Amino acid sequence: MQRLRLEISGAVQGVGFRPFVYRLAHRYGLAGWVSNTSKGVVIEVDGDTEVLAQFAQAVLNEKPSVSIVQNISSKYLLAAGYSSFKILKSTGGKREAFVLPDLATCGDCMLEILDPENRRYRYPFTNCTNCGPRYSIINAIPYDRPQTTMSRFRMCSKCRDEYEDPYDRRFHAQPNACPQCGPHLELWDSEGIILAKRDDALIRASEEILEGKIIAVKGLGGFHLITLASSDEAVRTLRSRKGRKMKPFALMFPSISLVSEFCMLSHGERESLQSPRSPIVLLKKRDDQDSGMCISKLVSPSNPEYGVMLPYTPLHILLMKEIGEPVIATSGNLSDEPICTDEIEALHRLEGIADLLLVHNRPIARHVDDSIVRIFDKKEMILRRARGYAPLPLSMDEKAVSVLATGGHLKNTLALSIGKNVFTSQHIGDLETVQALEAFDEVWSSIEALYNADPEIIAYDMHPDYISSQRARESQIRSIPVQHHIAHIYSCMLDSGVRPPLLGIAWDGTGYGTDGTVWGGEFFHLTGGTVSRIAHLRCFPLPGGEKAAREPRRSALGLLSELFDDPGQHLPSGAIIPAEMAIMKKMISSKLNSPITSSAGRLFDAVASILDLHQTIEFEGQAAMALEHAIGDTETDESYPIEILELAEKPMVIDWAPLIHGIIIDASNGIDTGIISAKFHNTLAEGIAAVARRVGEKKVVLSGGCFQNVYLLKRVVQILEKIGYKAFIHRNLPPNDGGIAPGQVMAALMMNSEK
Ligand code: ZN
Ligand code: ZN
Ligand code: FE
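Being a predicted model, the structure only gives us computed values, none of them experimental.

This part takes up the sheet that holds strand β6 (residues 185-189). Taken in spatial order, the 11 strands line up as β7-β6-β14-β8-β9-β13-β10-β12-β11-β15-β16 in an open sheet, and their pairing is mixed. Single-partner strands in this sheet number two, and they are β7 (194-197) and β16 (379-384). The sheet shows a mean angle of 35 degrees between the axes of neighbouring strands, direction not considered. Where strand β10 (residues 250-252) and strand β13 (residues 327-331) come together, 2 bridges link them in antiparallel fashion. Bridge pairing in β13 links L251 to I328.

Structure below.
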């Protein structure tokens, strides 16, 4: 007889781990105990050595599907003489256990809400230890009901019995509820007058949606605006009320089979859609769909893809069953503001946007948006990280002091490291509005409070004007500035696990450079302890500075001014009216309000303008996306010439001059835009390979918003492979600025350890 002690860390609380261990111990006839601790779960069992080994193996093999074991340590000790198996009370201590993300409704709960005989029939707040809300209802850890927004609901005796029965699926399911004791729905008009309650509210809301109305629906991590996807009229109304002209809307489908009628669906895409994470997955539209249903062209105009999700709470499942066709489910806010979470607040913030509100009385502890992923090379690549993913950490090998990072300016997130784990907050958004700033402050205090963290270092972006940077400098803690693109590279290193020596390539829209120019087409050589900017794209002026981000024609004019005396002559007619042209030219020649940039994003903008795809844009990346989409099914390996200039004591320069000349000639010869675009992308990939060869590091890290471009990413990965190099790309953190904060954490840790 011996005693086995297992200490398990990871996402092992609130997922039915202890009852699972309880049942397992009974199956093996072992006595002992299991307990939640601040670090995870501890198990002790007495038994025969061989049985103990089998038991330990079974713990790993059969663990609850939603749990994540990060580390397991086992020790054999003297038998303790246990006589039965018990679930002991949780113990306190320093909090290291993970908070789980919100999980989509499981199959068992789904069956219950659709079963007329079940007491939870049509109950929109059904959940169990395998599914349901977590991060969006937690106020503090350890994860116990009084520490969640469910604390106001007293469990009825039936729910209480389930909660206390280790053999029940709802044993210690903190948000456990039923129609008798749990939250309920209400349908409100735009003044907050109650029109219907409970199931009537749900049915009435679905009828209004089918009528073409716009309904604000309080869901898991915030409000959606829901309206019928088939109705041009409804979509047009939503666009005008929300102030969003072209940017695609996400769709929610009632079923996976209907998704496959409208979209191409690979195995990986299907898996992502149906996973407990249940993200929005970007899917290629089918052009051969004939289900008799339709989706308005206004949902995702001039875009070959839809953003699609499946219903992920009982509320959404029941609603979608009533509606029976795809709906737009876009975040409940004005464009660029964070998602709204409170029904009283929604009455004001969504006034004039939503016709009616479907609300409930389970408070949302924090906003959690829908996540967005794309399947690239069979695996998920996260583009917006929130529901289903946040706040699960990524782990480093390096154990170090606690660092908090305040992120960038656009697509802001925060990150916090404790020990080896880096926790990235849910997506906050662009820090452009008062609401966004409030959300930023809330997330900051809540992430520190949740983990009881006391960071020793604050990392932030070098940009002097970013609010996230100002906030960091105002804090009393030691702060370390991190250059934007270096943070991108570290983010991808954290994501992929790769370590120097390596070549890091960060291509995006803009970031503050250390030499007074705006960076964005950067190559860094990382060796043991140093980071050097080894190459960048050729620079050009941006007349009007910040304005260029919304007006590709400004990038084009600036870029062309480097090559021609009369740059306007190579722009499509009417792109810039003469009066504006004169002002912009003056800005360039006098170097006033014309910052110099090496940005890859602005190079894409310039080409999109020259090819007359977009002269002005509504949302970030719109012109670059149009340029990528222009390729369509075009297949060519052709490219334009590109030059690498090697300068003494200075970074190499990738000169796009021959590339731009080639494009202008092709365009004037009437060559198809798709072919020109493909050749442009191919050329950039070749430029990257040429630099990589000169640097000679076989490991190449790719980060920054430009690598959301699938054609570019694929091409670069392939060309590097061809020359015997290996590309490391983003998977778990967004390549865009949503990944900046965790990158800042790691960069600051590296800089700190060198001192
Ligand atoms: Zn469930
Ligand atoms: Zn109940
Ligand atoms: Fe960036």
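Let us keep going from here.
Before going further, it helps to examine the coordination of the iron ion (ligand 3). Protein-derived ligands of the iron ion (ligand 3) are H484 (NE2), H488 (NE2), D508 (OD) and D737 (OD), with the metal-ligand distances lying across 2.0 to 2.2 Å. Considering all 4 donor atoms around the iron ion (ligand 3), angles at the metal cover 89 to 167 degrees and the coordination shape is irregular. Of note, the iron ion (ligand 3) draws all its donor residues from one chain, in the sequence arrangement H-x3-H-x19-D-x228-D. Of the two residues, H484 sits in helix α13 (residues 484-496) while D508 sits in strand β22 (residues 502-512), which places them 24 residues apart along the sequence. According to the relative accessible area criterion, H484 is buried, its value standing at 0%.

To continue, consider empty space enclosed by the protein. Applying the stated criterion across every chain, the model contains 2 cavities of 30 Å³ or more. Approximately 110 Å³ is the volume found for the largest cavity. Taken together, 16 residues make up the lining of the largest cavity; nearest its centre are P124, L220, T313, P314 and R362. By residue class, the composition of the lining of the largest cavity is 8 nonpolar, 7 polar and 1 charged.

Turning next to the sheet that holds strand β18 (residues 403-405). An order of β17-β19-β18-β20-β21 is seen for the 5 strands of this open sheet, with the pairing classed as mixed. Strands at the two margins of the open sheet, each flanked by one partner only, are β17 (393-400) and β21 (478-482). Direction aside, the axes of adjacent strands within the sheet are offset by 30 degrees on average. As judged from the 2 bridges shared by β18 and strand β19 (residues 415-424), these two strands associate in the antiparallel manner. Among the inter-strand pairings, A405 is bridged to a residue of β19, identified as A415. This element, helix α12 (residues 467-474), spans β20 (457-461) and β21 of the sheet and lies at about 155 degrees to β20. The sheet contacts of α13 involve β17, β19, β20 and β21, and relative to β17 the element is tilted by about 100 degrees.

All right, on to the coordination of the zinc ion (ligand 1) then. Taken together, C106 (SG), C109 (SG), C128 (SG) and C131 (SG) make up the full set of protein donors to the zinc ion (ligand 1), lying 2.3 Å away. Metal-centred angles of 102 to 120 degrees between the 4 donor atoms at the zinc ion (ligand 1) mark the site as tetrahedral. On the basis of relative accessible area, C128 is assigned to the buried category, the value being 0%.

Turning our eyes to something else, we now look at a negative patch on the surface. On the surface, D336, E432, D465 and E546 cluster together into a patch of negative charge. In this structure, E546 sits in the loop between β25 (540-541) and α14 (552-561). By relative accessible area, which is 73% here, E546 ends up exposed.

Reading the values: rules and limits
Residues numbered from 1 in each chain as written. Chains lettered and ligands numbered in written order. Predicted model: local features only at pLDDT ≥ 70, side-chain atom pairs only at ≥ 80, totals over all residues. Heavy atoms only, no water. Pairing = 2+ DSSP bridges. Helix = DSSP H or I, 4+ residues; strand = E, 2+ residues; numbered from the N terminus. Axes fitted to C-alpha atoms, helices over the stretch in contact; angles between N-to-C directions. Donors = N, O, S within 2.8 Å, 3.2 Å for Na, K, Ca; no water. Tetrahedral: all angles 85-135°; square planar, octahedral: opposite > 155°, others 65-115°. Buried < 20%, exposed > 50% of the residue type's maximum accessible area, 1.4 Å probe, protein only. 1 Å grid on protein atoms, 1.4 Å probe; cavity = no way out; pocket = protein on both sides within 12 Å on 5 of 7 lines; lining within 4 Å. Points joined across faces, edges and corners; volume = space filled by probe spheres on them. Nonpolar A, V, L, I, M, F, W, Y, C, P; charged D, E, K, R; others polar. Contact = heavy atoms within 4.5 Å. Patch = residues over 30% accessible without salt bridge, like charges linked within 9 Å, V, L, I, M, F, W, Y side chains within 5 Å. Areas by Shrake-Rupley, 256 points an atom, 1.4 Å probe, with all protein chains shown as cover. Salt bridge = Lys/Arg side-chain N within 4 Å of Asp/Glu carboxyl O. Lys, Arg positive; Asp, Glu negative; His and termini not counted. Charge placed at Lys NZ, Arg CZ, Asp CG, Glu CD.

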